[in-house]
Amino acid sequence: MESIQAIKQRFGIIGNNAALNRAIEKAIQVAPTDISVLVTGESGVGKESIPKIIHSLSHRKHGKYIAVNCGAIPEGTIDSELFGHEKGAFTGATQTRNGYFEVADNGTIFLDEVGELPLTTQVRLLRVLENGEFIKVGSSKVQKTNVRIVAATNVNMFEAIKKGKFREDLYYRLSTVEIHLPPLRARKDDIHLLFRKFASDFAMKYKMPSIRLNEEATEMLVKYRWSGNIRQLRNVAEQISVLEENRTVTAEKLRQYLPNNTGNLPAVIEKEKSDSDFSSEREILYKVLFDMKSDLNDLKKLTMELMQHGVSQKVKDENESLIQKIYGDDETEEFFHEEEETTPPVKLLSIPPEVSVMNEEDKYHFAEDVEEEETLSLHDKELELIKKALERNKGKRKAAAKELGISERTLYRKIKQFDL
Ligand SMILES: Nc1ncnc2c1ncn2[C@@H]1O[C@H](COP(=O)(O)OP(=O)(O)OP(=O)(O)O)[C@@H](O)[C@H]1O
Ligand SMILES: [Mg+2]
């Protein structure tokens, strides 16, 4: 049997907390059986890796693994998605369609947010669980399937049952074994470890030095409530990695990224991010900025390389027009969409050294110019972002800061710095 450590590594799970280890151990133990498993735990605790572990350690590992987010499928189509439909079953059903339970025969289906399933669908699901039978929408033919179900929920199922929103019999069927993932605040021993891991991931992603917390900030990090759990911790690590120039983070700084915890500073981040990495406009902007920075770094490297290995006039012209294109007019949009063009053609690097045209002094100056341009254009972009946000919010700093996802204090500092 694969060890817990090996599983963690394989699935990118960080942490050594005893409750986390127990949850993973339980997943390993139930994997070879066909027992239904219900994964419970608050939002953002990492429930999604449990069904993956179970599937990949089961005899179904060569079968399909389908993850269905029950909360995201409209009520009108969920039966058809899960169980399929016959041609003509409803308007628009121009063809017979196989549902997930047919497609995942001999595999595993992960029903995420299972508490959101409509009652009618719950009846169908119960039948599959009881005897492997299902009927396509608009059909009368009973079909058989052999699917292992792992479900997950972040809501209190007993509440849902009490309110008549979830069938009690289905709940017991689904939760033969329950695997509970503890909230992050109950895994205090793992918080700083996770933060350091995320900080180093984002440092790599954005090609910047890793942020690190000073002692006081570390203490604050560990004491915080983390109601959005690991997802929230990851978001905070990403925001700080992107926004803070000073890579040593103080408690005062960190507090600006933690919503209304200790209460003395305005809440900054209210939004919980979805799984997709860059869901908001602001994040897309930051991504663009940092992609730009890394493109410029590539360009700098290329330039140095060219100067070391020498440059033919033709290549020099080509390069100059490339540089012109990047730094010249402010058409960043276009630049980002034409990545192939900005990637140096391989032939550039195979220029014979004897045609070198630059001396040491040129090299120095050129490199310096590039550096200056880079900070300048980042600076300009930042200025522009702030100006636009202030305009859109009619000069109201609080609203503009909120939109930018920075604290009012930071915005105030920037306004002073840029003399706005
Ligand atoms: N132990 C961990 N180590 C590293 N990353 C983790 C860990 N647990 C969770 N994550 C990361 O945190 C994020 C949230 O995890 P996940 O999507 O599994 O949460 P969830 O429990 O399914 O939440 P929800 O109920 O909101 O769907 C993911 O990006 C995941 O990779
Ligand atoms: Mg989830």
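Position numbers for residues start from 1 in each chain and track the written sequence from start to end. Chain labels run from A onward and ligand labels from 1 onward, assigned in the order the entries are written. Thresholds applied to this predicted model are a pLDDT of at least 70 for local features of residues and 80 or more for the giving and counting of side-chain atom pairs; totals over whole chains, interfaces and linings are not thresholded and use all residues. As a rule here, side-chain values cover all heavy atoms of the structure and leave hydrogens and water aside.

Peer 1: Please clarify how the environment of methionine 208 should be interpreted in this entry.
Peer 2: Secondary structure counts use DSSP, requiring at least four H or I residues in a row for a helix and at least two E residues in a row for a strand, with both numbered from the N terminus. Tracing the sequence through the fold places methionine 208 in the loop between helix 9 (188-205) and strand 10 (212-213). A 1.4 Å probe rolled over the protein chains alone gives each residue an accessible area, and that area as a share of the maximum for its type sets the label: buried under 20%, exposed over 50%, partly exposed in between. On the accessibility criterion, methionine 208 (18% relative accessible area) is buried. Considering only alpha carbons, one finds methionine 208 and lysine 293, 85 residues apart in sequence, at a separation of 9.9 Å.

Peer 1: Looking at this model, I keep getting lost on the sheet that holds strand 9 (residues 177-180). Mind explaining?
Peer 2: Within a beta sheet, neighbouring strands are joined by backbone hydrogen bonds and run either parallel or antiparallel to one another. Any two strands with at least two DSSP bridges between them are considered paired. With parallel pairing, 5 strands are arranged side by side in an open sheet as 2-5-8-1-9. Strands with a single pairing partner mark the edges of an open sheet, and in this sheet they are strand 2 (65-69) and strand 9. The average angle at which neighbouring strand axes cross in this sheet is 20°, direction not considered. Sheet analysis places strand 1 (residues 37-40) next to strand 8 (residues 148-153), joined by 4 bridges and oriented parallel. Residue pairing in the sheet places valine 39 in a bridge with alanine 152 of strand 8. Note on definitions: angles span 0 to 180 degrees between N-to-C directions of axes, and those axes are lines fitted to C-alpha atoms, for helices only across the stretch in contact.

Peer 1: What am I meant to see in the site of ligand 1 here?
Peer 2: The nearness test applies per residue and asks whether one of its heavy atoms lies within 4 Å of the molecule or strand. Among the 17 residues in the neighbourhood of ligand 1, the closest are listed as Ile14, Ser43, Gly44, Lys47 and Arg231. Here an oxygen atom of ligand 1 sits 3.3 Å away from a polar atom, N or O, in the main chain of valine 45. Under the rule applied, a polar contact is a pair of N or O atoms within 3.5 Å (in protein, one hydrogen donor and one hydrogen acceptor; residues adjacent in sequence only if both atoms are side-chain atoms). Between ligand 1 and glutamate 48 there is a distance of 3.0 Å, counted from an oxygen atom to a side-chain nitrogen or oxygen. Residue exposure ignores everything except the shown protein chains as possible cover, and the areas themselves are Shrake-Rupley values with a 1.4 Å probe. Against a free-state accessible area of 630 Å², the protein chains account for coverage of 83% of ligand 1. Those elements that provide at least two residues to the shell around ligand 1 are helix 9 and helix 11 (229-243).

Peer 1: Sorry, what's going on with the pairing of strand 8 here?
Peer 2: The buried count for strand 8 comes to 6 of 6 residues, which makes it a mostly enclosed element. In strand 8, alternate side chains face the same way, and those of Arg148, Val150 and Ala152 on one face and Ile149, Ala151 and Thr153 on the other are all buried. Here strand 5 (residues 108-112) pairs with strand 8 via 4 bridges, running parallel. Residue pairing in the sheet places phenylalanine 110 in a bridge with valine 150 of strand 8.

Peer 1: Help me out: how do you make sense of the packing of helix 9 against helix 11 in this one?
Peer 2: In helix packing, the relevant descriptors are the interaxial angle and the interaxial distance, both defined with respect to the helix axes. At a minimum axis separation of 9 Å, helix 9 and helix 11 run at an interaxial angle of 45°. Considering the angle they form, helix 9 stands oblique to helix 11. Crossing angle aside, the handedness with which helix 9 passes helix 11 is right-handed. Facing Ile191, Leu194, Phe195, Phe198, Ala199, Phe202 and Lys205 of helix 9, the residues of helix 11 in contact are Ile230, Leu233, Arg234, Ala237, Glu238 and Ser241. In these notes the angle categories are as follows: under 35 degrees is roughly parallel, over 145 is roughly antiparallel, 65 to 115 is roughly perpendicular, and the rest is oblique. With the far helix as reference, a near helix turned anticlockwise by less than a right angle produces a left-handed crossing, and one turned clockwise produces a right-handed crossing. In this analysis, two residues are considered to be in contact whenever any of their non-hydrogen atoms come within 4.5 Å of each other.

Peer 1: Please clarify how the packing of aromatic side chains should be interpreted in this entry.
Peer 2: Aromatic ring pairs are reported here in terms of the distance separating the ring centres and the angle at which the planes meet. Stacked, edge-to-face and tilted labels apply to pairs of Phe, Tyr and Trp rings (six-membered ring for Trp) whose centres lie within 6.5 Å, assigned for plane angles under 30 degrees, over 60, and everything in between, in that order. The tally for this structure, following the rule as stated, stands at 6 aromatic pairs. The interplanar angle of 35° and the centroid separation of 6.3 Å between the aromatic rings of phenylalanine 83 and phenylalanine 134 together place this pair among those described as tilted. Of this pair, phenylalanine 83 sits in helix 4 (residues 75-83) while phenylalanine 134 sits in strand 6 (residues 133-135), placing them 51 residues apart in sequence. Across the pair, phenylalanine 134 and phenylalanine 83 agree in class, each one buried. A connected cluster of aromatic rings, assembled from ring pairs, spans Phe83, Phe101 and Phe134. Consider the ring centre and the ring normal. A charge sits over the ring if Lys NZ or Arg CZ is within 6 Å of that centre and within 35 degrees of that normal. A cation over a ring is seen here: arginine 97 above tyrosine 100, with NZ or CZ 5.9 Å from the ring centre.

Peer 1: Looking at this model, I keep getting lost on the nonpolar core. Mind explaining?
Peer 2: Nonpolar side chains tend to gather and get buried jointly when the protein is soluble and globular. Put simply, buried Ala, Val, Leu, Ile, Met, Phe, Trp, Tyr and Cys residues joined by side-chain atoms within 4.5 Å make one nonpolar core. Phe101, Leu111, Val114, Leu125, Phe166 and Leu174 are the most contacted members of the largest nonpolar core, which has 29 residues in total. Listed by contribution, the elements that provide at least two residues to this core are strand 2, helix 4, strand 5, helix 6 (119-131), strand 8, helix 7 (157-162) and helix 8 (168-174). Ranked by residue count, the leading element in this core is helix 6, at 4 residues. Leaving out residues up to four positions away in the same chain, leucine 111 has contacts with Val68, Cys70, Leu82, Leu125, Ile149, Val150, Ala151 and Ala152. The next biggest cluster of nonpolar side chains, apart from the first, holds 27 residues, and it includes Leu184, Met208, Val249 and Tyr257.

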